[in-house]
Each structure stands twice: as structure tokens, then as C-alpha cells.
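# What the coordinates show
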Amino acid sequence: SPDIVLLGERHSSKTEFRRIILRLLPELFSIGFRTLALELTPDYRYQVNSFCSGTYNYLTFLNSVKVQGNFAECFDQSLLLVLRFWVQNNGKLIFVNSCDPIESYPTTNEMGRDHIMFSEIASCNEKIVAILGNLHCQLRMSREIQFVSPDEVPDLNNPNFGFLTAAEKLVRANKKVYSFA
């Protein structure tokens, strides 16, 4: 049995994978996973915690995140209700993306976002479920595979060509990981 379950998604409420995640989370909670990690910048912590505690209703939540940027599309009511269930049943939420804006953080393997996610997830001493972007959960069969956006041409001379994903770093640290990406 794994200690870490990584659920890689596109950050959108309109995907079938998101619906599967929402059905899976209560089942994972029932078998002992008590920490839920979200790839979410810390500046949304107050709004998420306010919704989970019942201080904010869904409309208040949406209005508060729209003020901070165009991130409201990632939050549908179903996701927030699952997060509220998690917290109200004594589960813990942690936020594992500390880069806002992304451009201010180095993209090297040992300093970038995947390393930050790896460090925060690996330091958790209990069973943890993490909802991260799909690329952070990839376990590649070959170092020849690199990640680029669909608009980019792969560049084998790119210094980030050989970076490890958060999932790959967790496996190398001998963590028991299941990754669904």
C-alpha cells in the first residue's frame, strides 16, 4: 500500500479526471489518508480555509478569488465541498506550490517548483494524497523525454532538459508512491 497517492490533473473543473478525483478522495480518506496536498499558491489559503470552515459560502469564495486573479475557474463547487468534507472530518490541507509569480522562482532541478513540491510532500509523516498538475506526477520511462508546452519546439540543449518531476524525486527518495497522471 502506498504512503503517497499523486493525482495529476489539468487544472480545470471541467475534466472527467477531476470528477474521478472527487469520487476517489472520500474513499482514500476512509482507508487512512488524512493529509490532502493541493498545488495552490499560499495566497489562496485564507479563502480555501474560510470555505472549509463554513465562514464563506461558494459565491463569497468565488468573489474573493476573482479579486486575486483569474484562478476561480479551477474551483468548482464539487471540489470545494470535498475539501470541506476533508477538513470537517479532521483531515489536513496543505498547499504545495509556493511560487507566485512563477517567473520569480528558478527553474533548475534543485530549486524549482517540482523540488518544492517534492520537499513538502516528502516531509509529511502520514499518508498523503496530492492533487497536482499532470506534469508534476509523471514517471517517465526514459530521460530522453522532456516536457514542453504544445507551442514549444523541444530543445535538447535546454538546461532544464533533464529535470526530475516531483513524482520521480519521491520515487528516488524511496517513498511508496502511486501516481495517476
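See above for the structure.
Residues numbered from 1 in each chain as written. Predicted model: local features only at pLDDT ≥ 70, side-chain atom pairs only at ≥ 80, totals over all residues. Heavy atoms only, no water.

### What about the overall build of the protein?
Rule in force here: Numbered from the N terminus, helices here are DSSP runs of H or I no shorter than four residues, and strands are runs of E no shorter than two. Only protein chains enter the accessibility calculation, which uses a 1.4 Å probe; a residue whose area is less than 20% of its type maximum is buried, one above 50% is exposed, and one in between is partly exposed. Contact definition: two residues touch when any of their heavy atoms are within 4.5 Å. Residue-level accessible areas treat just the shown protein chains as cover; the underlying method is Shrake-Rupley with a 1.4 Å probe.
Scanning the protein from terminus to terminus reveals six helices and five strands. From first element to last, N terminus to C terminus, the protein shows the α and β order β-α-β-α-α-α-β-α-β-α-β. Across the 181 residues that make up the protein, the buried fraction comes to 45%. Pairs at least 24 residues apart make up 71% of the contacts formed inside the protein by residues separated by at least 6 positions. By element, 54% of the accessible surface of the protein is carried by carbon and sulfur atoms, the whole surface being about 9,800 Å².

### Some points on the packing of helix 1 (residues 16–30) against helix 4 (residues 77–88)
The following threshold applies: Axis definition: a line fit to C-alpha positions, over the contact stretch in the case of helices; interaxial angles, taken between N-to-C directions, run 0 to 180 degrees. If an angle is under 35 degrees, it is roughly parallel; if it is over 145, roughly antiparallel; if it lies from 65 to 115, roughly perpendicular; otherwise it is oblique. For this classification, Asp, Glu, Lys and Arg are treated as charged, while Ala, Val, Leu, Ile, Met, Phe, Trp, Tyr, Cys and Pro are nonpolar and the rest, including Gly, are polar.
Look at helix 1 against helix 4: their axes get within 10 Å of each other, and the N-to-C directions meet at 10°. By the angle between their directions, the pair helix 1 and helix 4 is classed as roughly parallel. On helix 4, the residues that touch R18, L22, L25, P26 and F29 of helix 1 are S78, L79, V82, F85 and W86. Grouping the constituent residues of the contact of helix 1 with helix 4 by class yields eight nonpolar, one polar and one charged.

### Thoughts on the nonpolar core
Formally: Put simply, a nonpolar core is a bunch of buried Ala, Val, Leu, Ile, Met, Phe, Trp, Tyr and Cys residues held in one set by side-chain atoms that sit within 4.5 Å of each other.
If you look at the biggest cluster of nonpolar residues, it comprises 29 residues, and the most contacted ones within it are L25, L36, V48, F61, L83, W86 and V129. Secondary structure elements with two or more residues in this core: strand 1 (4–9), helix 1, strand 2 (35–38), helix 2 (45–53), helix 3 (58–68), helix 4, strand 3 (92–95) and strand 4 (128–133). The contact partners of V129, leaving out residues within four places of it in the chain, are V5, L7, L25, L28, F33, T35, L36, A37 and W86. Counting residues in each nonpolar core, the second largest holds 18 residues, with C137, A166, L170 and V177 among its members.

### Description of the sheet that holds strand 2
Keep this limit in mind: The pairing criterion is simple: DSSP has to find at least two bridges between the two strands.
Taken together, five strands build an open sheet; the order of strands is 3-2-4-1-5 and the sheet is parallel. Looking along the sheet, the strands with just one partner apiece sit at the ends: strand 3 and strand 5 (177–180). Across the sheet, the axes of successive neighbouring strands diverge by a mean angle of 20°, strand direction being ignored. Where strand 1 lies against strand 4, six bridges are found, and the strand directions are parallel.

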